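Structural overview
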Amino acid sequence: MYGLCATTLTRPCRSVFTFVSRTRISTRLQSTTVAGSDRGIGSSGSGGKDNKKSSKPPSSSSSKDTAAQTSRKQKPKPKHSSASSEPPTPAASATSTPASAPKATPAPTEPVALTPTDAELEASFASQVVHGRSLLAAYHHPRTHSIPLALLHFRSHHLPLLNLFLHFTSHAASALGVPITRPASLPTQRRLWTVIKGPFVHKKAQENFERKTHKRVVKVYDADQEVVDRLVRYLGRHELAGVGMRVVRWHRAPVGVGRKTVEVMAREVRSVGGAAQAVEAQTSAEKVKKLGEQIIREEAAAATKSTAKEIVI
Amino acid sequence: MPNIRVLRDIKARHGVNANEITRRAYLYVARNQTLPASVRYQAQLQLNTFGRYTRPTTVKNRCHESGRGRGIIGEFALSRYQFRMKALAGELPGVVKASW
């Protein structure tokens, strides 16, 4: 039993891109958090907060120089990868940033839709974008504490579909900064049917049909429960027809939780009405037994009545 | 419109589901060695009054397309010929001609 909550071991992943920057030790990523967060998957809750924006402007100018130097040498970053959820916005912003950047930088005092610092950040971000990033394999974040949080099982009859969804999952997890394993293949299940071809006789002419179920597992580590929630919900919202997903979640609870739940349940049973609940929880075997005993009583009573009548007569 | 035999089978399934517990209760009484013979006898007579659409032996897997009672593949509720026709047409998800 884990005595500590996962949030004490890993920083709460409110702004997922700061988590990423910490692990990859790349200053240029800090400059892209503001731009990326607007397009990020898990930013619906944290996107409204301006704490990131307030901290960014002082570092943006310095990080822009380092960004230019390091952008070509370093691995393509995963930020821009999962564009499937918002197809129009990344493309639109990527194309618009080069146009808006030269206008904004020479005249920062002019009232523009974007503030000058945002425009600079957009430009730096756009310069580092690797187009077609989503086609390449996703970056897998390294585990910080190797604490397993979830298991994602995928099943499909069609391998290309399965691989596509796995690719999508890896990019989604990468964008959220969630460390996941590479997909592990479980043994393929094969169901075979041999049927006679014709509707009548001709036993020797038969045909084989099969149905293969391919299975893959991905393990999720070291993220905040909220982030894992978001990832799972995102995958559920963008599920692929022909691929089934099953999620096993592990929640960390403080020591003494077992005793507490038993007490809570006992209290509930006593308060609500134990008798009513007990009746509902009766299994069919118990119902049969009760009914049987009732029948015995009825039949015994009927038997005694009939014997009494005979004696009288 | 499905086959009349399929309809009868559906009726039997509904009847069995509705009366299963009552039947089992009477059976429990009728087969109980510790009870007096008269009670057991009465229970058995009561059991005989149940109609055929309450007996689980009446239930039989049938092909939903043709109503055939033999050569049924339970997973699809189809006879072997219907299964083959639908599989070749691609109407059964994941089912392909096997080759190895």
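Cut-offs used in this document
- Residues numbered from 1 in each chain as written.
- Chains lettered and ligands numbered in written order.
- Predicted model: local features only at pLDDT ≥ 70, side-chain atom pairs only at ≥ 80, totals over all residues.
- Heavy atoms only, no water.
- Helix = DSSP H or I, 4+ residues; strand = E, 2+ residues; numbered from the N terminus.
- Buried < 20%, exposed > 50% of the residue type's maximum accessible area, 1.4 Å probe, protein only.
- Contact = heavy atoms within 4.5 Å.
- Bend = angle between axes of the 7 residues up to and from the residue.
- Polar contact = N/O pair within 3.5 Å; in protein donor to acceptor, adjacent residues only side chain to side chain.
- Buried area = accessible area lost by both parts, 1.4 Å probe.
- Salt bridge = Lys/Arg side-chain N within 4 Å of Asp/Glu carboxyl O.
- pLDDT = per-residue confidence, 0-100.
- Axes fitted to C-alpha atoms, helices over the stretch in contact; angles between N-to-C directions.
- Parallel < 35°, antiparallel > 145°, perpendicular 65-115°, else oblique.
- Left-handed = near helix turned anticlockwise from the far one by under 90°.
- Nonpolar A, V, L, I, M, F, W, Y, C, P; charged D, E, K, R; others polar.
- Pairing = 2+ DSSP bridges.
- Expected span 1.5 Å × (residues − 1).
- Phe/Tyr/Trp six-rings, centres within 6.5 Å; stacked < 30°, edge-to-face > 60°.

Here the focus is the overall build of chain B. Along its length, chain B carries three helices and three strands. If you list the helices and strands of chain B from N to C, you get α-α-β-β-α-β. For chain B, the proportion of its 100 residues judged to be buried stands at 34%. Here the analysis covers contacts within chain B between residues at least 6 apart in sequence; of these, 37% occur between residues at least 24 apart.

Right, let's get into helix α1 (residues 4–30) of chain B. All names here are of chain B. Its axis deflected by about 55° at N19, α1 carries its strongest bend there. Here α1 has its buried residues at V6, D9, A12, G15, V16, R23, A25, Y26, V29 and A30. Capping the start of α1 is the job of one residue whose side-chain oxygen sits 3.1 Å from the backbone nitrogen of R5: N3.

Now for the interface of chain B and chain A. Contact with chain B, which involves 30 residues of that partner, is made by 28 residues of chain A. Roughly 2700 Å² is buried in total at the junction of chain B and chain A, and carbon and sulfur atoms are behind 67% of that figure. Linking chain B to chain A there are four salt bridges. Linking E75 of chain B and R191 of chain A is a salt bridge whose minimum nitrogen-to-oxygen distance equals 2.1 Å. At the boundary of chain B and chain A, one finds eight residue pairs in polar contact (both at pLDDT 80 or more).

This paragraph deals with the confidence of the model for chain A. Chain-level pLDDT for chain A is 71 on average; 58% of the residues reach the 70-or-more range. In this model, residues 1–105 of chain A is a region of pLDDT below 50 whose contacts with residues beyond four sequence positions or in other chains number 144 contacts.

Okay, the packing of helix α9 (residues 159–176) of chain A against helix α10 (residues 225–237) of chain A next. Packed helix pairs are specified by the crossing angle of their axes together with the interaxial distance, meaning the distance between the axes. Residues and elements named next belong to chain A. At a minimum axis separation of 11 Å, α9 and α10 run at an interaxial angle of 150°. Taken as axis vectors, α9 and α10 run roughly antiparallel relative to one another. In the crossing of α9 with α10, the sense of the turn from one axis to the other is right-handed. Of the residues in α10, those touching α9 at F165, F168, T169, A172, A173 and L176 are V227, L231, Y234 and L235. Considered class by class, the residues forming the contact of α9 with α10 number nine nonpolar, one polar and no charged.

Let's shift gears to the pairing of strand β3 (residues 206–221) of chain A. With twelve of 16 residues buried, β3 of chain A is to be regarded as a mostly interior element. The sheet contact formed by strand β1 (residues 148–156) of chain A and β3 of chain A spans eight bridges and is antiparallel. Looking across to β3 of chain A, one finds that R155 of chain A is bridged to K215 of chain A. In the sheet, strand β2 (residues 184–196) of chain A pairs with β3 of chain A via eleven bridges, with the strands oriented antiparallel. Residue pairing across strands places L186 of chain A opposite K215 of chain A, the latter belonging to β3 of chain A. Alignment of β3 of chain A against strand β3 (residues 95–97) of chain B, held across three bridges, turns out to be antiparallel. Following the sheet pairing, R211 of chain A is matched in β3 of chain B by V95 of chain B.

Here we come to helix α8 (residues 116–128) of chain A. Between its terminal C-alpha atoms α8 of chain A stretches 19 Å, which fits the 18 Å expected from 13 residues at 1.5 Å a residue. Among the residues making up α8 of chain A, those that are buried are D118, A119, L121, E122, S124, F125 and Q128 of chain A.

All names here are of chain B. One can describe the packing of α1 onto helix α2 (residues 37–48) by two numbers: an axis separation of 8 Å at closest approach and a directional angle of 150°. With respect to α2, the element α1 is oriented roughly antiparallel. The interaxial crossing formed by α1 with α2 has left-handed handedness. Across the interface between the two elements, R23, Y26, L27, V29 and A30 from α1 touch V39, R40, A43, Q44, Q46 and L47 from α2. Classifying every residue of the contact of α1 with α2 by side-chain character gives seven nonpolar, two polar and two charged.

What follows is about the packing of aromatic side chains. Under the defined criterion, the tally for this structure stands at eight aromatic pairs over all chains. Measuring from ring centre to ring centre gives 5.6 Å for F168 of chain A and Y234 of chain A, while their planes differ by 20°; the resulting arrangement is stacked. With F168 of chain A in helix α9 and Y234 of chain A in helix α10, this pair connects stretches of sequence that are 66 residues apart. In this pair, the class of F168 of chain A matches that of Y234 of chain A, namely buried. Ring geometry for Y26 of chain B versus F50 of chain B: centroids 6.1 Å apart, planes at 70°, classification edge-to-face.

All names here are of chain B. Considering the arrangement of structural elements, one finds R31 in the loop between α1 and α2. As for R31 and Y41, which are separated by ten residues in sequence, their C-alpha atoms are 9.6 Å apart. Ignoring anything within four residues of it in the chain, the contact list for R31 reads R40 and Q44. Within the local environment of R31, its side chain forms a polar contact with the side chain of Q44, the two groups lying 3.0 Å apart.

This brings us to the environment of V16 of chain B. All names here are of chain B. Here V16 shows up in helix α1. Looking at V16, the relative accessible area reads 15%, which means it is buried. With 36 residues separating them along the chain, V16 and R52 place their C-alpha atoms 9.3 Å apart.

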